[in-house]
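Architecture and fold: a report
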Amino acid sequence: MTGNIELFLIFLRAAALSVGGMAALPQLRQDLVTTGLVTEPQILAALALGKVTPGPTGLYVVSLGYFAAGVFGALLALVAAALPPLGLVAVAGIVRRQLLSPWAAGVVRGVVLSTSGLVVATSITLLAPDRQLLGVPAWQLALAVGAAALAIHGRTHPGVVIVGGAAVGIAFGR
Amino acid sequence: MRPANASPPTRPTLFDLARAWIIVSTQSIGGGPSTLFLMRQQIVERRHWLTHRQFLEDYALSKVSLGINLVALAGLIGSRVAGAGGVAVSLIGLLVPAAMITLALTVGYTLVRDSDLVRAALAGAGPAAAGLTAGIALTFMRQTARRGWRASIDYTYAAAVIGAGLFLGVSPLIVIAVGVLVGAAFLRGETARASGDAGT
């Protein structure tokens, strides 16, 4: 039971300290990997699964929850992800004007740039543990760079990129 | 143009609302951008529950939400068109079907993950996912950065964070706290763009 509460709080904290679904990733990785609940390859698998399923990108937490504690873990992760946005809905009627002020925009910009920067760093270290990019097989490096370029270009469906990556893996990864 | 706080053009029943969200939740493969696209299509263009302007105002507001922005947007829309019941139906309708599909796929993956074929596939899909994630984060930065000369301040700060994350191993909590302070002090102005661009 304690484990479940702890897991819920890990997901809740990561969601409540981030702006945007992907932004929770660095904190989740730190909390889940260091506690041994999830492995680094499982994080990559969760990200890949999240890209080929419908709904907001942030739903990769459902896969992470499942890897950590089965179906109940997935449910905990989902509930934890839904709570912080509910907070905004609750206060929006009262402080709508303040939330749209330049001051609030500055705070949000600071948090978004911080978490986005951390997500970039996290992606690089997921690809190359210990930052040894030279140790990563060239075809994997090329896949990652190509996928990043496609994401920035924004025209290619993320699911297609993942399926394409899997096909390249089957061709080169055995 | 209607004022932003005008009542919606038509008021749906909770059943209709649930049906619209289930369509968004099950058909929006491809993450934030396609989810946002379908939300606008279902709520504004097809069913006329919100005006375009109301949708964009809620979208701008959702960008300051903690957690998944599109979940906040669903809640704001639900609240506007059908009160507290609308919030509950919108959140459940957006999240539960997509989460069940994600869960089913994850369970399926777990069952076959030890096969050589799946291992090889993940050896390719993993780096692709890492690259996509980095690309999405860079796009998010570009959308968040201010325009004109102030963009250089924003990008310098973002680059410093990437460096700190890579080489100093700083805790995310500390980086976020620094982000709040730096944001309040140096990154003010230009509220979230309500252009309907990609959200996550």
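Just so it is clear, the structure is predicted and the values come from calculations on it, not from any experiment. (Residues numbered from 1 in each chain as written. Chains lettered and ligands numbered in written order. Predicted model: local features only at pLDDT ≥ 70, side-chain atom pairs only at ≥ 80, totals over all residues. Heavy atoms only, no water.)

Structural notes on the overall build of chain A
To keep things clear, this is the line we draw: Put simply, DSSP H or I for four residues or longer makes a helix, DSSP E for two residues or longer makes a strand, and each gets a number counted from the N terminus. Only the C-alpha atoms count toward the radius of gyration. The rule for a globule is 2.2 Å times the residue count to the power 0.38. We call a residue buried when its accessible area falls under 20% of the maximum for its residue type, exposed when it is over 50%, and partly exposed in between, using a 1.4 Å probe and counting protein chains only. Surface accessibility in these figures is a Shrake-Rupley result with a 1.4 Å probe; residues are shielded only by whichever protein chains are displayed.
Across its full length, chain A holds 7 helices and 0 strands. Along chain A, helices (α) and strands (β) appear in the sequence α-α-α-α-α-α-α when read from the amino end. The C-alpha radius of gyration of chain A comes to 17 Å, within 12% of the 16 Å expected for a compact globule of 174 residues. In terms of its C-alpha atoms, chain A occupies a principal-axis envelope of roughly 55 × 40 × 30 Å. A burial count over chain A gives 57% of its 174 residues as buried. Accessible surface computed for chain A: about 7000 Å², of which carbon and sulfur atoms make up 70%.

Description of the interface of chain B and chain A
Spelled out, the test is: The contact criterion used is simple: two residues touch if any of their non-hydrogen atoms lie within 4.5 Å. Accessible area that two parts lose when put together, with a 1.4 Å probe and added across both, is what the buried area reports. Basic side-chain nitrogens of Lys or Arg form a salt bridge, by our definition, when they fall within 4 Å of a carboxyl oxygen of Asp or Glu. Ten residue types, Ala, Val, Leu, Ile, Met, Phe, Trp, Tyr, Cys and Pro, are classed as nonpolar, four, Asp, Glu, Lys and Arg, as charged, and the remainder, Gly among them, as polar.
Facing 94 residues of chain B, the contacting portion of chain A comprises 90 residues. Looking only at chain B, the three residues that lose the most surface to chain A are Ile68, Leu132 and Leu166 of chain B, adding up to 8% of its buried area. Here chain B is connected to chain A by 3 salt bridges. Asp58 of chain B is the salt-bridge partner of Arg96 of chain A, the closest N and O atoms lying 3.3 Å from each other. Elements represented by at least two residues in the side of chain B that touches chain A include exactly helix H1 (14-27), helix H2 (32-46), helix H3 (52-62), helix H4 (69-112), helix H5 (116-144), helix H6 (150-168) and helix H7 (172-186) of chain B. The element best represented in the side of chain B that touches chain A is H5 of chain B, accounting for 26 residues. In terms of residue class, the side of chain B that touches chain A is built from 52 nonpolar, 31 polar and 11 charged.

Quick notes on empty space enclosed by the protein
This is how it is decided: Buried and open spaces are told apart on a 1 Å grid over the protein atoms alone, a cavity being a set of points where a 1.4 Å probe fits but cannot get out and a pocket being an open set with protein on both sides within 12 Å along at least five of seven lines. Residues with an atom within 4 Å of a point are the lining residues. Grid points are joined across faces, edges and corners, and a volume is the space filled by probe spheres set on the points.
The full count for this structure, using the stated rule, is 4 cavities of 30 Å³ or more. For the second largest cavity, the calculated volume is near 80 Å³. Residue lining of the second largest cavity: 15 residues in total, with Ala15, Ala24, Val61 and Ala81 of chain A together with Ile68 of chain B positioned closest to the centre. Of all the secondary-structure elements, those providing two or more residues to the lining of the second largest cavity are helix H1 (2-16) and helix H4 (60-99) of chain A. If one sorts the elements of the lining of the second largest cavity by residue count, H4 of chain A sits on top with 4 residues. Split into classes, the residues belonging to the lining of the second largest cavity amount to 10 nonpolar, 5 polar and no charged.

Some words on the side chain of Thr53 of chain A
Residues and elements named next belong to chain A. As a reminder, the rule being used: Residues adjacent in sequence count toward polar contacts only when both atoms are side-chain atoms; beyond that, a polar contact is any pair of N or O atoms within 3.5 Å, and within protein one must be able to donate a hydrogen and the other to accept it.
Mapped onto the elements, Thr53 comes out in the loop between helix H3 (40-52) and H4. By relative accessible area, Thr53 is classed as buried at 2%. Within polar-contact distance, the side chain of Thr53 engages the backbone oxygen of Gly50 at 3.5 Å.

Focus on H7 of chain B
Under the convention used in this document: Under the convention used throughout, the expected extent of a helix is 1.5 Å for every residue step, that is, one less than its residue count.
Look at H7 of chain B: 20 Å from first C-alpha to last across 15 residues, which is about the 21 Å you get at 1.5 Å a residue. Here H7 of chain B has its buried residues at Pro172, Val175, Ile176, Gly179, Val182, Gly183 and Ala184 of chain B.

Overview of the packing of aromatic side chains
Operational definition: Stacked, edge-to-face and tilted labels apply to pairs of Phe, Tyr and Trp rings (six-membered ring for Trp) whose centres lie within 6.5 Å, assigned for plane angles under 30 degrees, over 60, and everything in between, in that order.
Within this structure, the stated rule accounts for 3 aromatic pairs over all chains. With a centroid separation of 6.0 Å and 70° between ring planes, the pair formed by Phe67 of chain A and Tyr109 of chain B is classed as edge-to-face. Remark: Tyr109 of chain B occurs in helix H4 and Phe67 of chain A occurs in helix H4; the pair is interchain, linking two chains. Each member of the pair Phe67 of chain A and Tyr109 of chain B is classed as buried. Through pairs of rings, three or more aromatic residues link up here, namely Tyr66 and Phe67 of chain A together with Tyr109 of chain B.

Some points on the packing of H4 of chain A against H4 of chain B
Stated precisely, the cut-off is as follows: Each axis is a line fitted through C-alpha atoms, taken for helices only over the stretch in contact, and angles between the N-to-C directions span 0 to 180 degrees. Each angle gets one of four labels, with under 35 degrees taken as roughly parallel, over 145 as roughly antiparallel, 65 to 115 as roughly perpendicular, and the rest as oblique. Less than a right angle of anticlockwise turn of the near helix away from the far helix marks a crossing as left-handed, whereas a clockwise turn marks it as right-handed.
Across the interface, H4 of chain A lies against H4 of chain B with an axial gap of 10 Å and an inter-helix angle of 165°. Comparing their axes, H4 of chain B and H4 of chain A come out roughly antiparallel. H4 of chain A and H4 of chain B meet at a crossing whose hand is right-handed. Among the residues forming the contact of H4 of chain A with H4 of chain B, the class breakdown is 22 nonpolar, 6 polar and 2 charged.

What to know about the confidence of the model for chain A
For any part of a model where pLDDT is low, the fine detail of the predicted coordinates should not be relied upon. Short version of the rule: The predictor reports its confidence for every residue as pLDDT, a score running from 0 up to 100.
Residue-level pLDDT values for chain A average 91, and 99% of them are 70 or greater. Across chain A, the element-wise mean pLDDT spans from 90 in helix H5 (residues 102-127) of chain A up to 94 in helix H6 (residues 138-153) of chain A.

Observations concerning the pattern of salt bridges
All names here are of chain A. Following the criterion strictly, the structure yields 10 salt bridges over all chains and no others. With a shortest N-O distance of 3.0 Å, Asp31 and Arg13 are connected by a salt bridge. Taken as a pair, Asp31 in helix H2 (residues 25-34) and Arg13 in helix H1 lie far apart in primary sequence, 18 residues in all. For Asp31, a relative accessible area of 10% gives the class buried.

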